[in-house]
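Each chain is listed here by its residues.
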Amino acid sequence: AGESLYCAKCGGRDSALPTERTIEPITEGAEQPSASAPPAGNLWLEILTGKRQGERVYLSDHELTIGRGSDRDLVIDDGDRQVSRDHARIYIDASGRVVLDDRSKGGTYLNGNKVSMPEPLQDGDRIGLGSAETKLVFYNNRGS
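Residues numbered from 1 in each chain as written. Predicted model: local features only at pLDDT ≥ 70, side-chain atom pairs only at ≥ 80, totals over all residues. Heavy atoms only, no water.

Undergrad: Could you give an account of the environment of Tyr91, with specific residues and numbers?
TA: Position of Tyr91 relative to the elements: it lies in strand 8 (residues 88–93). Measuring from C-alpha to C-alpha, the distance between Tyr91 and Leu59 comes to 9.5 Å, with 32 residues separating the pair along the chain. (Helix = DSSP H or I, 4+ residues; strand = E, 2+ residues; numbered from the N terminus.)

Here is the structure:
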């Protein structure tokens, strides 16, 4: 309950932010919505590389942690070590849903640009982990 999260304005830790995490990945064999007609109101990441290629991870209103570590909400372990154990996080701040590098060794990239502070996410944004090569795509089917 005392876990700190990043402040959206300065990138520092902010213990006042919510700490509950919810992730509901779509697993192999589960019914998945069509890529051309996703359910209304959903936000998700599509994994483009590695063992989980093609998988959709639907986002809740809670923070999502990304990395190789087994304690991450979204574990990306392609064996190449470009992805750090604690690599990045996606959360909501005053500007909407944002991505922030979690002091990773290789960096986090948004549309090819290195992330050094919280960066707002838009539909179709491409996220690179450890290099500018896209590993995830953010989709927003909320109409905003």
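Undergrad: Which residues make up unusual backbone geometry, and what values go with them?
TA: Of note in this structure, Arg103 is not a glycine but carries a positive phi near 60°. Even without glycine at this site, Asn111 takes up a positive phi of about 55°.

Undergrad: Residue-level account of the packing of aromatic side chains, with values.
TA: Here the structure, examined in full by the defined rule, presents two aromatic pairs. A centroid spacing of 5.9 Å and a plane angle of 45° characterise the contact between Trp44 and Tyr58, whose relative ring orientation is tilted. Within this pair, whereas Trp44 is found in strand 4 (residues 43–47), its partner Tyr58 is found in strand 5 (residues 56–59), the two being separated by 14 residues in sequence. With respect to class, Trp44 is no different from Tyr58; both count as buried. (Phe/Tyr/Trp six-rings, centres within 6.5 Å; stacked < 30°, edge-to-face > 60°. Buried < 20%, exposed > 50% of the residue type's maximum accessible area, 1.4 Å probe, protein only.)

Undergrad: Lay out the environment of Val83 with the relevant residues and their values.
TA: When you line up the elements, Val83 lands in the loop between strand 7 (74–75) and strand 8. Along the primary structure Val83 and Gly130 are separated by 47 residues, whereas in three dimensions their C-alpha atoms are 5.3 Å apart. The contact partners of Val83, leaving out residues within four places of it in the chain, are Gly67, Arg68, Ile76, Leu129 and Lys135. (Contact = heavy atoms within 4.5 Å.)

Undergrad: Before we move on, could you go through the nonpolar core and cite the residues and values that matter?
TA: Among the nonpolar cores identified, the biggest contains 20 residues, and Leu45, Ile66, Leu74 and Leu136 are the most heavily contacted of them. Elements represented by at least two residues in this core include exactly strand 4, strand 5, strand 6 (64–67), strand 8, strand 13 (126–129) and strand 14 (134–140). Counting residues per element, this core draws most heavily on strand 4, at three residues. (Core = buried A, V, L, I, M, F, W, Y, C linked by side-chain atoms within 4.5 Å.)

Undergrad: Kindly report on the pairing of strand 8, identifying the contributing residues and their values.
TA: In the case of a regular strand, side chains alternate between the two sheet surfaces. Among the six residues in strand 8, five count as buried, and that is most of the element. The pairing of strand 6 with strand 8 spans three bridges and is antiparallel. Counted as the bridge partner of Thr65 is Arg89 from strand 8. (Pairing = 2+ DSSP bridges.)

Undergrad: Go over the pairing of strand 5, please, and point to the residues and values.
TA: Here strand 5 shows no split at all, with Arg56 and Tyr58 on one side and Val57 and Leu59 on the other all buried. Two strands pair when backbone bridges link them, and strand 4 and strand 5 are joined in this way by three bridges, in the antiparallel orientation. Residue Glu46 lies in a different strand from strand 5, and its bridge partner there is Arg56.

Undergrad: Which residues make up the side chain of Asp93, and what values do they have?
TA: Relative to the assigned elements, Asp93 resides in strand 8. Classification of Asp93 as buried rests on a relative accessible area of 17%. At 2.7 Å, the side chain of Asp93 and the side chain of Ser95 are in polar contact. (Polar contact = N/O pair within 3.5 Å; in protein donor to acceptor, adjacent residues only side chain to side chain.)

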